[in-house]
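# Fold and contact review
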Amino acid sequence: MGPTRAQFVQYAPAALAVVPLVAGPWSALAAAAAGAGAWAVGASAPVLRSLIACGLTTTGCGIAAHEVLASGMNPLIALGLAVPAGAATLAHHRNLANHIPAAALTPGTLTTGAGTATGQTSQAQLITAWWREYISGPTQTEGRVLIQAGANLEHLGLEIDGDHVAFTGIITLPQGQQVRVKAADIASVYQIPVSQIELGDPKHYAPNALPVTVHLKVPAAQPQIAAGAPTTPEELWAAYVGVPEGAMPGTSLTVTRYDGPLDWEGTATRDRRAIGTVNLQDLAGNLDLETIQIALAPGDKPSQMGIRVMREHALMHGTMLSSVLDELSMDSRGYVRAGTYVDGRAALLPLAQPGSGARHLYLVGGSRSGKSGLLEQILLSAHRSKIAVILASPQAGTIAGASLSAYLGDGLDEAMGALRLAYAMMLDREARYRSPAFPFTDVLILVVIDEAHMLLSASSPYHDEAKAIVEQLTRRSLKRGIGVVLATQTPLAEDLGNSTVIRSQLLIGGGAVFLRCAKGQGSLVGANAVEGAEGIDLSRIPSQWPGQYAKVADRDMSGLATEVAAAPEDGTFGLGYLLTPGSQAVQFRSLHLDVPPVSLAGGERPVGIEDCDAWRERDAIARTPMVDKRGKNLIGSLADLLAAAEGAPSSQEPTAHHIPAGPYAVTGPARPGGAPAASEGQELIKPRILELLQEHSIPMTAETIARKLETSAKNVKPRLSELKRRGEVTNENGLWRAA
């Protein structure tokens, strides 16, 4: 095997200098000069070929000149032989100049050149040649391995502005391959620092296509602040934030209000370029502050962003629910008060759109984030705005304001029944109002789905049916005066049944509220990206205010104070981001529930739903599955739904699988239809139910009654329905009491 390319480049100049020594000193001197030039530059393959041609030419001229002098001929003839040797040297110098490293390019050398047949300028040709030579190929030399063969640089673009020289492109590979080119690889090829290479995040792009920006020449470092250590916000910004490695590189700060180093506002501006996504953690680190002490406010221009630094967070003391009671009702635009923005303005969210229909709301919040409190607040606003509510709460007993709903599905099975009823109401209204813009003679309906992941996730027994119903509701219900409020614990796609339809329709059809989530589950980037909330990580919202740990450390040994209520300063409950249609997500905090929202309803009955076929048959509809066993073929018309409901198991003739074995579930003789007759054991439950309800003055759900009687809810519900038909018990919104 012959010498490698590296060995050839290393030893070729010496060879060209040694060989002509036999023939004469002239050729040796010319070959040695050409070899030294190639050695200094670090020749590439084209330069090496030029070197060989130059060496051969000068060697031949040297041999001829030596023979002329040795034979005694005229010396002028020997001198004339230096002309072709000099021409070869000049040609080699020209070839060498055309292959200088790209790192040496300056605005002076990167002048616009004539395009080639491919349409590239001379600068683009040079950049592409170095890329193909060392990174992608097809050039391949023995003993040297390409960084990644086939990783071509597509969509090349040049940017030359003063002291800044850069090029952009997309590293592209055939489908099925993954880009493995690293920033360090590109930096080694173009002989620049790694910090001047910007590669896109592979999580946000296809595996075989990755954008890249290479800054061949960057402006000189800004001069140091003359006054010494930075002290003012502008100086701190210039020293730590606006620098290339800062959180907002290339930006400058204009302070609009200054009340001390920990209490000021300003505007960050980037000259003629978008600021993009800002990492709040990095910004807090640059300014040596707690994350909770900084709030960002995107402006109308992408090149500007508002900054607020707070000694004490503006929302720490909260806004009391009882102090804004008049703002809880829907205004003429369909908005209600949800809380307070960080700048002190009222934070509003839409429940309806006049002349068009209802609005959706997407609510995300983990445990102890304030999500349940905000849902109670929404139920109160709906009640005061004369909006009927269908509440689906898979986790029974978690919503204190459930009594404000027209229909309550408390528990997993009952919550699925509430979804079925909501879908039936939409079909009923579509049948009664053929025109999309019908006159709103009926009340608006809000379908509130708490802990929606318990119904929609792939592990739920109702996954297929719930996903199909919610997709149809979010797509079709707004024009029929039915809005959806969907609450989950995380923004992850699996919490919505991996349905892109549900999330997109929720965001298009209304607003979104994002509260604190568990670590690793709150990122709104990548697959969970939400337009208008780019870069937000909900797990970064702290659970405590600065200094709270020291406050907890001060122990009070006087005993438990049972009369004390939680204060807004005790935690960051309700702190998050509110995203309304056509705007950016802005930090806000929901209202602090200093009084139970249900107590502000004035004891009024829940807003009722119109008398229609779907509402009259609500009990049967709630028990009727609307998809087949494969989760397909959702019932599409009201007539088909009512027909299916007629064939559903009734409370008078429960089927065997609805009567689980238990202390009071004794199977009796079978009826001709295959269902067991009501047994004596089942009949004994009725007096026990009546006795229980008469002893307790408070209403109870079917689940509570079953738990107290030590049996199952599926065994109790049919008996309750029979007692209701006899007039011995009453049912209001899923709560049973003695008549």
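Residues numbered from 1 in each chain as written. Predicted model: local features only at pLDDT ≥ 70, side-chain atom pairs only at ≥ 80, totals over all residues. Heavy atoms only, no water.

## Remarks on the overall build of the protein
For the protein, the count of helices and strands is 22 helices and 22 strands. Going through the 739 residues of the protein one by one, you find that 46% of them count as buried. Counting contacts in the protein only where the partners sit at least 6 residues apart, residues at least 24 apart contribute 62% of the total. (Helix = DSSP H or I, 4+ residues; strand = E, 2+ residues; numbered from the N terminus. Buried < 20%, exposed > 50% of the residue type's maximum accessible area, 1.4 Å probe, protein only. Contact = heavy atoms within 4.5 Å.)

## Some details on the sheet that holds strand 7 (residues 294-298)
Spatial strand order, 5-6-8-7: four strands in an open sheet with antiparallel pairing. Only two strands of the sheet have a single partner each, and these edge strands are strand 5 (251-258) and strand 7. Between one strand and the next, the sheet's axes are offset by a mean angle of 25°, whatever the strand orientation. With six bridges joining them, strand 6 (residues 264-270) and strand 8 (residues 304-309) adopt antiparallel strand pairing. Among the inter-strand pairings, Thr269 is bridged to a residue of strand 8, identified as Gln304. (Pairing = 2+ DSSP bridges. Axes fitted to C-alpha atoms, helices over the stretch in contact; angles between N-to-C directions.)

## Quick word on the side chain of Thr624
Along the polypeptide, Thr624 turns up in the loop between helix 17 (618-622) and helix 18 (638-646). Here the side chain of Thr624 touches Ala620 through a polar contact of 2.6 Å, landing on its backbone oxygen. (Polar contact = N/O pair within 3.5 Å; in protein donor to acceptor, adjacent residues only side chain to side chain.)

## Section: the pattern of salt bridges
Pairing between side chains of opposite charge can happen when their charged atoms approach one another. With the rule as written, the count across this model stands at 25 salt bridges. Arg257 is paired through a salt bridge with Asp259; the nearest N and O atoms lie 2.5 Å apart. Overall, the relative accessible area of 24% leaves Arg257 in the partly exposed class. The closest approach of N and O atoms between Arg257 and Asp263, which form a salt bridge, is 3.1 Å. Classification of Asp263 as partly exposed rests on a relative accessible area of 24%. (Salt bridge = Lys/Arg side-chain N within 4 Å of Asp/Glu carboxyl O.)

## Here's the deal with the nonpolar core
With 87 residues, the main nonpolar core has Met248, Leu283, Met425, Ile449, Leu486 and Phe514 as its most contacted residues. With 11 residues, helix 11 (residues 412-432) is the single largest residue contributor to this core. Apart from the residues lying within four places of it in its own chain, the contact partners of Met425 are Ile390, Ile445, Ile482, Ile609, Glu610, Cys612, Ala614 and Trp615. With 37 residues, the next largest nonpolar core counts Val336, Ile399, Val513 and Leu515 among its residues. (Core = buried A, V, L, I, M, F, W, Y, C linked by side-chain atoms within 4.5 Å.)

## Here's the deal with the pairing of strand 17 (residues 482-488)
Regular strands have side chains that alternate between both faces of the sheet. A large share of strand 17 lies buried, amounting to seven of its seven residues. Here strand 17 shows no split at all, with Ile482, Val484, Leu486 and Thr488 on one side and Gly483, Val485 and Ala487 on the other all buried. When strand 13 (residues 360-364) meets strand 17, the two strands line up parallel, connected through four bridges. Bridge pairing in strand 17 places Tyr362 opposite Leu486. Relative to strand 17, strand 16 (residues 445-449) is paired through five bridges, and the arrangement is parallel. Residue Leu446 lies in a different strand from strand 17, and its bridge partner there is Gly483.

## Overview of the packing of helix 13 (residues 463-476) against helix 14 (residues 500-508)
Contact geometry for helix 13 and helix 14: axes closest at 9 Å, N-to-C directions at 25°. In this view, helix 13 runs roughly parallel relative to helix 14, as classed from their interaxial angle. Judged by the twist between their axes, the crossing of helix 13 over helix 14 is left-handed. In this structure, helix 13 contributes Lys467, Val470, Glu471, Thr474 and Arg475 to the contact, and helix 14 contributes Val501, Ile502, Gln505 and Leu506. Residues belonging to the contact of helix 13 with helix 14 are distributed by class as follows: four nonpolar, two polar and three charged. (Parallel < 35°, antiparallel > 145°, perpendicular 65-115°, else oblique. Left-handed = near helix turned anticlockwise from the far one by under 90°. Nonpolar A, V, L, I, M, F, W, Y, C, P; charged D, E, K, R; others polar.)

## Here's the deal with the confidence of the model for the protein
Scored by pLDDT, the protein comes out at a mean of 79, with 76% of its residues at no less than 70. pLDDT under 50 marks residues 1-23. Its contacts with residues more than four places away, or in other chains, come to 33 contacts. (pLDDT = per-residue confidence, 0-100.)

## Structural notes on the pairing of strand 14 (residues 388-393)
The buried fraction of strand 14 amounts to six of the six residues, a majority that puts the element mostly inside the structure. Alternating residues of strand 14 divide into Ala388, Ile390 and Ala392 and Val389, Leu391 and Ser393, and every residue in both groups is buried. Sheet analysis places strand 14 next to strand 16, joined by five bridges and oriented parallel. When the bridges of strand 16 are listed, Leu391 appears paired with Val448. Sheet topology places strand 14 next to strand 15 (residues 407-410); four bridges connect them, and they run parallel. Looking across to strand 15, one finds that Ser393 is bridged to Asp410.

## Side note on the packing of helix 11 against helix 13
Two elements in contact, helix 11 and helix 13, have axes whose closest approach is 10 Å; the angle formed by their N-to-C orientations is 40°. Between helix 11 and helix 13, the angle is such that the two are oblique. Relative to helix 13, the crossing made by helix 11 is left-handed. Side by side, helix 11 and helix 13 meet where Met416, Leu419, Arg420, Ala422, Tyr423, Met426, Leu427 and Glu430 of the first sit next to Glu465, Ala466, Ile469, Val470, Gln472, Leu473 and Arg476 of the second. Considered class by class, the residues forming the contact of helix 11 with helix 13 number 10 nonpolar, one polar and four charged.

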